[in-house]
Amino acid sequence: MRVLALHPDRCTGCLRCELACSYMQTGTYQPSKSVIRVSPFEGYTSYAPYTCTQCAEGWCMTACPVGAITINAVGAKDVLDDKCVGCKLCTIACPYGTMFYDADTTKAYKCNLCDGAPACAEACPTQAITFEEGESADWIGDFAASRTSRVLAREHA
Amino acid sequence: MATRHLIIGGGTAGLNAIRTIREEDSTSEITLVSRERPYSRMVLPYYLGATIAESHVYTATPASLHAWGVKTMLGRRAASLDTAEHRLTLDDGATVAYDDCLIATGSRAARPPVPGAEGPGVHSFWTLDEARAVIADVQPGTRVVMVGAGFISFTILNTILSRGAALTIVEVAPRILPRMVDEACATIVARWLEDHGVTIRAGATLTKIEEWKGKRKLTFKKGAPIFADVVIMATGIRTNLEWVDGSGIEVSAESGGGILVDDHLRSSVKTVYAAGDVARGPNLLTGTLEVHAIEPTAQEHGRVVGANMAGRDRAYRGSLIMNIVEVCHLDIASFGQWDDAKADVFTATRADRSQYRKLLFRGGKLTGAMICGPAEAIWTTNDVGMLKGLVYSGADLSAWKTHLKGNPFDVKPAYLATHTAGKLLPQTILGRASHSPQLPQSVMVQ
């Protein structure tokens, strides 16, 4: 399966991925509706994108009481709009914090890999997000640990 | 001869068991006994709110059950179980023989022993039939009183309002949502609801409901009576287990009851499993046997039982108590041991934004959490998931405890830097990737 590989050391925090994602997912250029989220570290000097890994368990999918989340043709877990009732069970079932809820449509939504052509990867100017064959991984754990160590050390001092 | 699986109860646990058996094998015999046609109680509030059609609530149709090779006996109740003879007797006298069986008969709405609680114009909201009755009675301008300010009444609060009714909630405990949130959170939620036109009366003990000039008059131990067109009793649930008496299956005598199950969700009779609201299974965090009458537990129980019935020998780590509900665009969620007096507790309130966080630690592990905030704030939704991941994975947050003490809202960096996603990725309930909810054609039984 092709997965979204995230390379935080290449991320510049330009947020083009969020714009592209929100347009693809909701038809509007609103970063607040993007399902890929860029987090700042060390006082906005470094950044890391974060999104759904399409995990094997598919916590969102198994939690859905009406079978509204299925696996699409490219292997991504995808919300079927006409089946989703907006109960939010998927948002507490997902232990990655990568389920979203659109208050305008009252539906859950998430990364569906844009059915095989992820807009975030296409929009990223530095290849910090790539769509490639491989396994999902904890792409930004090491980066986040190193970029937060100074903050923690200062707090403990 | 093919193994004969008997599933008693067509709710979330039963349907998940059936689907999982069929994901594993297509040759065994499956019989479903269910008093009702399978549907999801979880989505009844949306049916009540007319945002979905009745057809949307069903989780299986006669056609899909047939395609899955399930023999159905619907509209009938289980009456008695002979575990020595491996035989179930139904209320009409029919019998079903089995090799293994699942008890997933769920629970029903319970009403307090108050005069008039069973009278006309007094509803419960638990089954599809009860939902239909509420729909028929609640119209624009209807004065509705909900007795009980727990999770169930909160799931239908929005739709009662959207139907144009005037709503009063009364609760016997001194505050709303007593089993889901703490006092600080309840205060924020109560203020929010009152700002949205809901009248709340907590600490009110109902003593009588009577007819009064075509309306319902509710009398309380203290304070003025309340008049209503419609009363909805959301005063708890009771497990449907009376029929198991005399079967030799061990049922807990403790509060909440439930069939005692092991880590494979087998009862004291090893060919009989229990799942969902009727099962007293392990708590993920403490290992204590508890009834968690919530949808995610029923779903996980059902899948684990299905795998075991299909011969997968799958142990279950336990269930995490969790709830989420949105009322008037305010999200409220809690996880795990949020009421633990021995935990280190960090809280933060942004009262002007109706936001509240509570984190509970045992040592370096997050063992409980509470979250409240406006639904349009995307961080609320994302943090709900990350808090679940931190509690579920048992991530070591020792290095982050000081930071989170001062910044209970700053969950994401702690989540990412402790490699929580990496710990969770290999973990699956069934020891394999989950399947799409629709069974692929290849495993359909003809």
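Since the structure is predicted, the reported quantities are computational estimates derived from the model, not experimental observations.

**Considerations on the overall build of chain B**
Logical step 1: Summing up its helical and strand segments, chain B has eleven helices and 26 strands in all.
Logical step 2: Relative to a compact globule of 446 residues, whose C-alpha radius of gyration would be 22 Å, chain B shows 23 Å and is just as compact.
Logical step 3: Considering only C-alpha atoms, chain B reaches an extent of 65 × 65 × 40 Å along its principal axes.
Logical step 4: Out of the 446 residues in chain B, the part that is buried amounts to 58%.
Logical step 5: Here the contacts in chain B between residues at least 6 apart in sequence split such that 63% fall between residues at least 24 apart.
Logical step 6: As displayed, chain B has an accessible area near 17300 Å², and 50% of this comes from carbon and sulfur atoms.
Logical step 7: Averaging the coordinates of the 47 positive side-chain charges in chain B and doing the same for the 45 negative ones gives two points 3 Å apart.

**Things to note about the overall build of chain A**
Logical step 1: Scanning chain A for helices and strands turns up five helices and eight strands.
Logical step 2: Its C-alpha atoms give chain A a radius of gyration of 16 Å, within 12% of the compact-globule value 15 Å for 157 residues.
Logical step 3: Structurally, chain A occupies a C-alpha span of about 50 × 35 × 30 Å along its principal axes.
Logical step 4: Expressed as a percentage of its 157 residues, the buried residues of chain A come to 59%.
Logical step 5: When contacts within chain A are restricted to residue pairs at least 6 apart in sequence, those whose partners lie at least 24 apart make up 60%.
Logical step 6: Surface accessibility of chain A: about 6400 Å² in total, with carbon and sulfur atoms responsible for 52%.
Logical step 7: Charge-centre separation for chain A: the mean point of 13 positive side chains lies 4 Å from the mean point of 17 negative side chains.

**What about helix α5 (residues 141–156) of chain A?**
Logical step 1: The end-to-end C-alpha distance of α5(A) is 21 Å, a good match for the 22 Å that 16 residues give at a rise of 1.5 Å each.
Logical step 2: When α5(A) is considered as a whole, its buried residues turn out to be Gly141(A), Phe143(A), Ala144(A), Thr148(A) and Leu152(A).
Logical step 3: Here the buried face of α5(A) lies against β2 (37–41) and β3 (46–50) of chain A together with α9 (401–406) and α10 (411–417) of chain B.

**Details of the interface of chain B and chain A**
Logical step 1: If you look at the interface, chain B gives 56 residues, while chain A gives 48 residues.
Logical step 2: Regarding the contact of chain B and chain A, the summed buried area is about 4400 Å², with carbon and sulfur atoms giving 63% of it.
Logical step 3: Applying the counting criterion to the chain B and chain A interface returns three salt bridges.
Logical step 4: Inspection of the chain B/chain A interface yields 18 residue pairs in polar contact (both at pLDDT 80 or more).

**Section: the nonpolar core**
Logical step 1: The biggest cluster of nonpolar side chains holds 158 residues, and the ones touching the most others in it are Tyr96(A), Ile103(B), Phe154(B), Leu157(B), Val189(B), Leu193(B) and Ile332(B).
Logical step 2: Considering every element that reaches this core, the biggest residue donor is helix α6 (residues 183–195) of chain B, with seven residues.
Logical step 3: With residues up to four places along the chain from it excluded, the contact list for Tyr96(A) reads Tyr50(A), Cys55(A), Trp59(A), Gly385(B), Met386(B), Tyr415(B), Ala421(B), Leu424(B) and Leu425(B).
Logical step 4: One finds Leu6(A), Ile36(A), Cys124(A) and Ala128(A) within the second-largest nonpolar core, a separate group that totals 21 residues.

**Digging into the confidence of the model for chain B**
Logical step 1: Looking at chain B, pLDDT values average 95 and 98% of them are 70 or higher.
Logical step 2: ipTM for the predicted complex: 0.97, alongside a pTM of 0.96.

**Describing the packing of aromatic side chains**
Logical step 1: Applying the stated criterion across every chain yields a total of seven aromatic pairs over all chains.
Logical step 2: Centroid distance Trp59(A) to Tyr392(B): 5.0 Å. Interplanar angle 70°. Geometry classified as edge-to-face. Residue Trp59(A) is located in helix α2 (residues 59–63), and its partner Tyr392(B) is located in helix α8 (residues 378–393); the two belong to separate chains. Across the pair, exposure class does not vary: Trp59(A) and Tyr392(B) are buried alike.
Logical step 3: It is Lys88(A) that lies over the ring of Tyr101(A); its NZ or CZ is 4.0 Å from the centre.
Logical step 4: One residue, Arg37(B), lies across the ring of Tyr58(B), its end atom 3.8 Å from the ring centre.

**Re the pattern of salt bridges**
Logical step 1: Using the criterion set out here, one finds 29 salt bridges over all chains in the structure.
Logical step 2: For Asp104(A), the salt bridge goes to Lys33(A), with nearest N and O atoms at 2.5 Å. Pair noted here: Asp104(A) is in the loop between β6 (100–102) and β7 (107–109) and Lys33(A) is in the loop between α1 (16–26) and β2, with a separation of 71 residues, a long-range link.
Logical step 3: Among the salt bridges present, the one from Arg312(B) reaches Glu24(B), with a minimum N-O distance of 2.9 Å. You can see Arg312(B) sitting in the loop between α7 (295–309) and β22 (322–327) and its partner Glu24(B) sitting in helix α1 (residues 12–24), a full 288 residues away along the chain.
Logical step 4: On the basis of relative accessibility, which here comes to 27%, the residue Arg312(B) falls in the partly exposed class.
Logical step 5: Through salt bridges with shared partners, a single ionic network connects Glu23(B), Glu24(B), Arg312(B) and Arg432(B).

**Some remarks on unusual backbone geometry**
Logical step 1: For Gln127(A), which is not glycine, the phi dihedral falls at a positive 55°.
Logical step 2: With respect to the element layout, Gln127(A) can be found in the loop between α4 (119–123) and β8 (129–133).
Logical step 3: Residue classification places Gln127(A) among the partly exposed residues on the basis of a relative accessible area of 46%.
Logical step 4: Of note, the phi angle at Asp313(B) is positive, near 50°, even though the residue is not glycine.
Logical step 5: Mapped onto the elements of the fold, Asp313(B) is located in the loop between α7 and β22.

**Focus: the sheet that holds strand β5 (residues 87–90) of chain B**
Residues and elements named next belong to chain B.
Logical step 1: One open sheet holds the three strands; their spatial order is β4-β5-β6, and the pairing between them is antiparallel. Of all the strands in the sheet, the pair left with one neighbour each is β4 (78–82) and β6 (95–97). The average angle at which neighbouring strand axes cross in this sheet is 20°, direction not considered.
Logical step 2: In the sheet, β4 pairs with β5 via four bridges, with the strands oriented antiparallel. Looking across to β5, one finds that Ala78 is bridged to Leu90.

Each value, and the rule that gives it
Residues numbered from 1 in each chain as written. Chains lettered and ligands numbered in written order. Predicted model: local features only at pLDDT ≥ 70, side-chain atom pairs only at ≥ 80, totals over all residues. Heavy atoms only, no water. Helix = DSSP H or I, 4+ residues; strand = E, 2+ residues; numbered from the N terminus. Rg over C-alpha atoms; globule rule 2.2 N^0.38 Å. Buried < 20%, exposed > 50% of the residue type's maximum accessible area, 1.4 Å probe, protein only. Contact = heavy atoms within 4.5 Å. Areas by Shrake-Rupley, 256 points an atom, 1.4 Å probe, with all protein chains shown as cover. Lys, Arg positive; Asp, Glu negative; His and termini not counted. Charge placed at Lys NZ, Arg CZ, Asp CG, Glu CD. Expected span 1.5 Å × (residues − 1). Buried area = accessible area lost by both parts, 1.4 Å probe. Salt bridge = Lys/Arg side-chain N within 4 Å of Asp/Glu carboxyl O. Polar contact = N/O pair within 3.5 Å; in protein donor to acceptor, adjacent residues only side chain to side chain. Core = buried A, V, L, I, M, F, W, Y, C linked by side-chain atoms within 4.5 Å. pLDDT = per-residue confidence, 0-100. Phe/Tyr/Trp six-rings, centres within 6.5 Å; stacked < 30°, edge-to-face > 60°. Lys NZ or Arg CZ within 6 Å of the ring centre and 35° of its normal. Pairing = 2+ DSSP bridges. Axes fitted to C-alpha atoms, helices over the stretch in contact; angles between N-to-C directions.

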